Amino acid sequence: MPEHTAASRLRLSGLCFLLQILNILLFAVFVRYSPEGSAGPCPPQLNCSRRNEDSAFQQPPGFQGVHVQVLLSFGLLVVFLSRYRPGSAAISVLITAFAIQWAVLTQGVFHFFLNGKIYVGAQSMVSADFCTAAVLISTGAVLGRVSPVQMLLLALLEVTLCTLNEYILLSLMGVSDSGRSLTVHTFGAYFGLMVSRVLYQPHKDKRKREEQQDKGHQTDVFAVVGTIYLWIFWPSFTSTTTTVHHNDENWAVLNTYFSLVASTVSTFILSPVLYEESTPRMVQIQDATLAGMAMMGMAGEMLVTPFGALIAGFLVGLISLLGFRFFTPVLRSRLKIQDTCGVHNTHGLPGILGALLGTLLTLLATADTYGYRLELVFPLVAQGSRTVADQAIIQLSALPLTLLLAGLGGCLTGAVLKIKVLRCSPDAQYKENAVFREVAEEGSEPSASGKEELGISTLV
Amino acid sequence: MPEHTAASRLRLSGLCFLLQILNILLFAVFVRYSPEGSAGPCPPQLNCSRRNEDSAFQQPPGFQGVHVQVLLSFGLLVVFLSRYRPGSAAISVLITAFAIQWAVLTQGVFHFFLNGKIYVGAQSMVSADFCTAAVLISTGAVLGRVSPVQMLLLALLEVTLCTLNEYILLSLMGVSDSGRSLTVHTFGAYFGLMVSRVLYQPHKDKRKREEQQDKGHQTDVFAVVGTIYLWIFWPSFTSTTTTVHHNDENWAVLNTYFSLVASTVSTFILSPVLYEESTPRMVQIQDATLAGMAMMGMAGEMLVTPFGALIAGFLVGLISLLGFRFFTPVLRSRLKIQDTCGVHNTHGLPGILGALLGTLLTLLATADTYGYRLELVFPLVAQGSRTVADQAIIQLSALPLTLLLAGLGGCLTGAVLKIKVLRCSPDAQYKENAVFREVAEEGSEPSASGKEELGISTLV
Amino acid sequence: MPEHTAASRLRLSGLCFLLQILNILLFAVFVRYSPEGSAGPCPPQLNCSRRNEDSAFQQPPGFQGVHVQVLLSFGLLVVFLSRYRPGSAAISVLITAFAIQWAVLTQGVFHFFLNGKIYVGAQSMVSADFCTAAVLISTGAVLGRVSPVQMLLLALLEVTLCTLNEYILLSLMGVSDSGRSLTVHTFGAYFGLMVSRVLYQPHKDKRKREEQQDKGHQTDVFAVVGTIYLWIFWPSFTSTTTTVHHNDENWAVLNTYFSLVASTVSTFILSPVLYEESTPRMVQIQDATLAGMAMMGMAGEMLVTPFGALIAGFLVGLISLLGFRFFTPVLRSRLKIQDTCGVHNTHGLPGILGALLGTLLTLLATADTYGYRLELVFPLVAQGSRTVADQAIIQLSALPLTLLLAGLGGCLTGAVLKIKVLRCSPDAQYKENAVFREVAEEGSEPSASGKEELGISTLV
């Protein structure tokens with residue numbers, strides 16, 4: 001790579017160095033381990049009465065499941081759909097490594113600040129993983145059009161705003177969103193779409209679409225991995241955060257399973273009608289799986305009958321497919337929003353639908369159908385300080401608030417990324433981006449290129 | 001794919017639609033979540049006294065392990081051995097998605113019916129996964145010779161019959177088969193072999209064998225994934241269903257480990273004698289691993305000394321290899337049974353041997369060697385309502401009963417599938433099947449075909 | 001493979017047969033399951049007061065995590081870095097299968113011998129897995145230069161010596177090394193390096209290095225799998241063996257996460273300075289991840305502040321990279337030690353640094369900062385029978401002892417392997433080794449070779 005200057009090569013290195021030193025200093029000054037552990041008495045400021053914040057260690061598989069989720073499913077989503085850039089795997093790992101540290105810090109400021117110190121525990125890591133998931137969803141929208149340095153800045157800003165949104169929704173408003181339909185899926189998707197809109201560059205779009213078309217079948221086989229992992233690990237992911245910790249009748253897990261099963265079948269129903277193939281591609285099955293799961297984020301623990309999950313999954317599977325077929329082209333041509341990995345159909349729209357379903361189910365919630373679960377799902381309602389209708393209004397109002405924050409945050413972040421681009425010459429910027437493309441295109445004779453691209457198959 | 005008519009393309013779509021609507025309606029009418037959870041008192045009809053049916057949530061890793069098992073190991077087995085059909089991954093997911101719903105319904109009818117409702121919980125999902133595993137084993141025998149529509153019908157019928165067999169064995173006869181040597185491995189293998197016999201088509205067999213030979217080395221590397229997953233996840237799979245829930249001395253896990261270790265080594269011993277290579281192929285190691293684990297299905301929790309598991313695994317590893325070398329060709333030429341993935345050697349024969357070993361061990365069971373475990377493994381013996389000899393006779397008689405049900409069910413299903421074939425022209429039927437082949441053969445120049453086939457390597 | 005004689009082909013088969021029969025006989029005579037389980041009273045000889053040896057079943061995910069660790073991460077490390085030998089996967093499985101049985105026996109002699117019987121349980125399997133991990137690390141140093149028969153003998157000897165070292169350190173000296181910085185990482189690395197030194201063959205070295213260079217980019221994509229698995233599963237691996245079983249505030253897990261996060265970022269900082277690329281290769285990220293985790297082996301549960309883990313991980317990431325760049329060539333040219341997979345930089349050096357850090361932290365340990373954890377991490381200090389300074393001296397003296405044992409053991413093993421080589425003609429020996437190479441090079445035209453090599457991508 002002779003034309004790749006040392007300056008642009010070292011820019012990422014330098015930024016990483018600065019951010020890591022900053023993280024170490026902030027950790028040294030502010031972050032300590034929880035002094036007592038979950039067994040100890042809970043300081044009143046930590047608001048333990050509502051949820052036992054440190055109980056994640058009582059569910060180590062769930063805790064592990066979240067990491068599987070963040071690193072595998074989202075990482076995979078980001079990586080394999082951008083199959084022309086094997087190098088993006090390395091950047092995904094960097095983004096994850098930075099975002100986890102930064103999220104521990106920012107979340108600590110909101111949630112765990114006590115006597116001038118941030119006390120971290122297992123729950124901090126789980127919350128940090130959620131923020132990282134939102135960041136990875138957002139990168140799915142802009143992938144292929146931003147440099148690693150821009151990605152790092154995007155992570156820096158989005159983690160902060162995502163934490164703010166989560167704090168407002170979950171702590172201030174008392175919204176029940178245990179599967180993070182709003183705070184992860186909807187926020188991440190619309191944040192990324194707005195950044196994509198601000199960074200819109202028409203000529204790049206065309207080239208990418210061509211590349212995507214002639215590699216369709218490879219994407220199919222890569223998608224198998226993603227789908228299988230989602231099936232296995234996402235339900236545990238959901239269960240990590242449900243309020244029901246007692247291991248008995250974890251409806252959120254079962255509802256998520258039923259939803260994903262139904263959305264998978266609906267892909268097999270609608271895909272042959274919309275496209276010319278008798279069997280759907282694995283990418284479509286994976287997208288349906290993602291949509292069926294994002295749908296159950298808020299509603300998962302509120303559904304009291306399994307057929308509700310079947311119907312919801314069935315419908316969201318159809319809607320997601322229709323979105324890919326009819327809405328994504330409109331987004332691209334009319335609204336000038338490029339959506340590299342289709343996050344609008346797999347995270348954005350299902351997240352909104354999940355929030356609406358959650359609102360409806362909140363309205364229908366009664367002490368009879370929920371039993372002791374009411375205390376866990378809607379603690380304020382159970383304590384009598386809120387009526388069910390109030391709770392439903394609050395759940396509903398959380399949706400536009402999230403969209404607003406994600407939209408404004410995306411605009412702001414996009415603007416900042418544009419400024420940063422100006423700070424180096426556009427040429428150098430392009431070259432840095434091109435390094436990754438070179439990795440993929442290096443062996444441009446057929447067989448060697450086959451090697452490279454299939455290599456992505458390992459990005460499990 | 002110009003010759004592929006819209007009618008045959010939409011047939012699968014329509015069938016999926018009908019079945020999914022049927023599932024939703026049946027769920028809406030019959031299925032509810034368990035009202036009380038495992039903490040609540042158990043209604044007498046649910047027969048909780050024998051096994052705590054809802055305790056699966058106390059073992060979330062095991063629950064997750066079952067899904068890993070169903071989707072990865074079996075799905076993988078089915079997928080990668082049929083490496084000429086990447087499209088089969090999508091069909092495997094469809095079969096799994098449908099079979100899980102249908103198994104929840106049929107199992108609910110037998111096990112969880114109470115006041116006109118089927119009450120589901122985590123245990124329902126685990127049982128449904130077992131049925132799905134049996135279906136996937138059966139598809140391993142017929143793979144490449146049936147269309148997706150036929151596969152769906154096979155799943156519909158086999159789930160029903162497998163549930164019936166399980167109900168008769170476990171609930172009515174009180175057979176102890178916690179690792180499902182009989183109800184999953186033996187039933188699935190012989191059901192599939194019988195369907196394969198009924199659907200026998202001589203000219204297809206020849207072609208497939210040629211394809212298999214010149215892709216041997218690729219299968220090797222794909223098999224590595226399967227083997228590693230089996231080693232990691234199957235023992236948890238076994239432990240999910242063992243009757244010993246108290247986490248202390250889970251002999252079934254340890255016996256399974258020792259058995260698979262020994263069967264792996266025995267592959268390294270016999271393979272160089274039978275074949276011309278000094279090291280066995282990974283496919284052979286994987287088959288030995290599967291055999292060593294199927295062997296421990298029934299006997300896993302009955303073996304009271306580790307060296308018994310070592311010897312059993314050692315012998316079944318040898319037998320499985322000998323079966324591949326000498327018995328599979330006989331099956332094919334004399335009995336006209338094509339066995340695409342060799343399920344007879346990896347599931348059928350080891351399942352039978354496991355059942356025989358289990359019978360022998362039942363005869364040897366005494367209160368002294370089992371201690372408090374006798375209550376868990378043989379509750380009726382511990383309660384005094386059965387002698388050890390009676391239990392052994394019942395264990396033994398379950399084997400021919402399972403073979404009979406699997407054989408009759410396979411004949412019936414094969415006949416139904418043949419009728420369905422008649423309902424469309426054989427030509428259209430062949431074309432539908434050919435769609436998948438096209439996916440694999442599309443790039444017929446060396447490099448592109450290399451891409452396609454290696455893509456299967458991602459079907460982790 | 002016409003030139004491959006039947007004699008050399010059957011030598012491995014015969015050795016496997018002998019060893020397996022030996023294992024079965026030893027198991028039959030000596031090994032029994034624990035009579036009572038963890039609930040029963042503990043015989044005084046088993047030294048249960050210090051650690052609840054059978055508590056691993058209370059952490060099934062961790063138990064599973066160890067297997068994931070051993071089979072995936074180490075197996076992968078060994079396999080994919082030697083990407084010119086797909087056949088090495090089969091040998092890795094054989095080594096694992098044999099080493100687990102042998103480790104159960106040897107560890108049983110030291111730890112579980114009671115009334116002439118070895119009583120095994122879940123803890124035996126976990127300990128056996130640790131020994132297997134050390135063996136796999138060692139094979140990483142000598143890979144490509146030893147035959148399968150030699151590997152088996154290496155496993156036989158190393159398991160014995162590793163168990164001896166572990167017994168001296170953990171049981172006799174009372175060293176606190178829950179993450180096995182010394183007994184697995186340091187011992188395995190230096191044992192393998194010493195064997196590599198004794199087996200040094202100059203002409204082979206040159207050829208291998210050439211092969212390594214022109215396959216660099218493929219290694220990149222294979223490494224993604226390894227890195228992601230390490231991130232997900234290693235922290236559970238560490239937590240399996242920590243002395244803190246109460247699930248509250250498992251600092252070892254959090255410290256390990258923080259350490260690996262920081263070492264990953266440090267790769268992005270230093271790599272562009274040392275090499276000509278703006279983004280580090282995935283292999284480098286994986287090596288940094290391994291180093292960051294090996295560093296936390298001993299110190300993981302002693303660090304009381306998160307920023308300590310950040311700093312330690314940050315520094316060890318830099319040191320590991322510098323070691324690859326500057327120290328590995330010196331090892332090769334001056335000390336005549338070939339290090340196929342760079343285990344010195346990823347296991348050896350970080351293990352030593354981890355032990356030094358652990359010693360320092362032991363000196364700083366006070367009852368105030370540790371609280372009730374002191375009893376768990378340093379039981380002898382908590383009981384008053386040792387001062388903190390004594391404990392620190394013992395921790396420190398364990399390092400040279402481990403290095404001495406590993407060095408002597410490696411010399412001895414290397415000498416034995418050389419003797420074995422003499423027993424067959426060097427020619428036949430070379431041919432046996434060549435069998436694997438043929439597997440990889442069989443399709444030497446570009447496309448077919450692409451197939452073979454990418455197949456390794458499946459070694460997830």
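Residues numbered from 1 in each chain as written. Chains lettered and ligands numbered in written order. Predicted model: local features only at pLDDT ≥ 70, side-chain atom pairs only at ≥ 80, totals over all residues. Heavy atoms only, no water.

Turning our attention to the overall build of chain A. In terms of helices and strands, chain A carries 18 helices and three strands. In chain A, buried positions account for 69% of the 460 residues. The long-range share in chain A, meaning contacts at least 24 apart out of those at least 6 apart in sequence, stands at 84%. When the accessible area of chain A is evaluated, it comes to approximately 14,100 Å², of which 65% is carbon and sulfur surface. (Helix = DSSP H or I, 4+ residues; strand = E, 2+ residues; numbered from the N terminus. Buried < 20%, exposed > 50% of the residue type's maximum accessible area, 1.4 Å probe, protein only. Contact = heavy atoms within 4.5 Å. Areas by Shrake-Rupley, 256 points an atom, 1.4 Å probe, with all protein chains shown as cover.)

Further remarks concern unusual backbone geometry. Residue and element names in this part refer to chain A. Although it is not a glycine, Lys336 sits at a positive phi angle of roughly 55°. Within the secondary structure, Lys336 sits in the loop between helix H11 (306-333) and helix H12 (343-364). Since its relative accessible area comes to 35%, Lys336 is described here as partly exposed.

As a further point, take the nonpolar core. Of all hydrophobic cores here, the largest spans 328 residues; its most connected members are Leu152 and Phe258 of chain A, Leu152 and Phe258 of chain B together with Leu152 and Phe258 of chain C. Once residues lying within four places of it in the same chain are set aside, the contact partners of Leu152 of chain A are Leu12, Leu15, Cys16, Leu19, Leu94, Ile95 and Phe98 of chain A. (Core = buried A, V, L, I, M, F, W, Y, C linked by side-chain atoms within 4.5 Å.)

As a further point, take the sheet that holds strand E1 (residues 31-33) of chain C. Residue and element names in this part refer to chain C. The mixed open sheet is built from three strands, whose spatial order is E1-E3-E2. Two strands in the sheet have a free side with no partner beyond their single neighbour: E1 and strand E2 (113-114). Note that E2 and strand E3 (residues 117-120) share two bridges and pair antiparallel. Among the inter-strand pairings, Phe113 is bridged to a residue of E3, identified as Ile118. (Pairing = 2+ DSSP bridges.)

What the rule picks out here adds up to 15 aromatic pairs over all chains. Between the aromatic rings of Phe98 of chain B and Trp102 of chain B, the centroid separation amounts to 6.1 Å while the plane-to-plane angle is 15°, which identifies the pairing as stacked. Here Phe98 of chain B and its partner Trp102 of chain B are both found in helix H3 (residues 88-112), four residues apart, which amounts to about one turn of the helix. Comparing Phe98 of chain B with Trp102 of chain B, the two get one shared label, buried. Its guanidinium or amino end placed over the ring of Phe130 of chain A, Arg180 of chain A lies 4.4 Å from that ring's centre, counting from NZ or CZ. (Phe/Tyr/Trp six-rings, centres within 6.5 Å; stacked < 30°, edge-to-face > 60°. Lys NZ or Arg CZ within 6 Å of the ring centre and 35° of its normal.)

All names here are of chain C. For the coordinates displayed, the defined rule picks out three salt bridges over all chains. The shortest N-O distance in the salt bridge between Arg180 and Glu166 comes to 3.6 Å. You can see Arg180 sitting in the loop between helix H5 (148-172) and helix H6 (181-198) and its partner Glu166 sitting in helix H5, a full 14 residues away along the chain. This pair shows no difference in class: Arg180 is buried, exactly as Glu166 is. (Salt bridge = Lys/Arg side-chain N within 4 Å of Asp/Glu carboxyl O.)

Residues and elements named next belong to chain C. Strand direction decides the pairing type here: E1 and E3, joined by three bridges, are parallel. Each residue of the ladder has a partner; that of Tyr33, found in E3, is Val120. In textbook terms, the turn of a hairpin is the stretch between consecutive antiparallel strands, and for E2 and E3 this stretch comprises two residues, one of which, Asn115, has a positive phi near 55°.

A separate point is the confidence of the model for chain A. All names here are of chain A. Summary statistics for chain A give a mean pLDDT of 73 and a share of 68% for residues scoring 70 or more. Mean pLDDT in chain A bottoms out at helix H18 (residues 446-455), which sits at 34, and peaks at helix H6 (residues 181-198), which reaches 92. Predicted complex metrics record ipTM = 0.79 and pTM = 0.82. (pLDDT = per-residue confidence, 0-100.)

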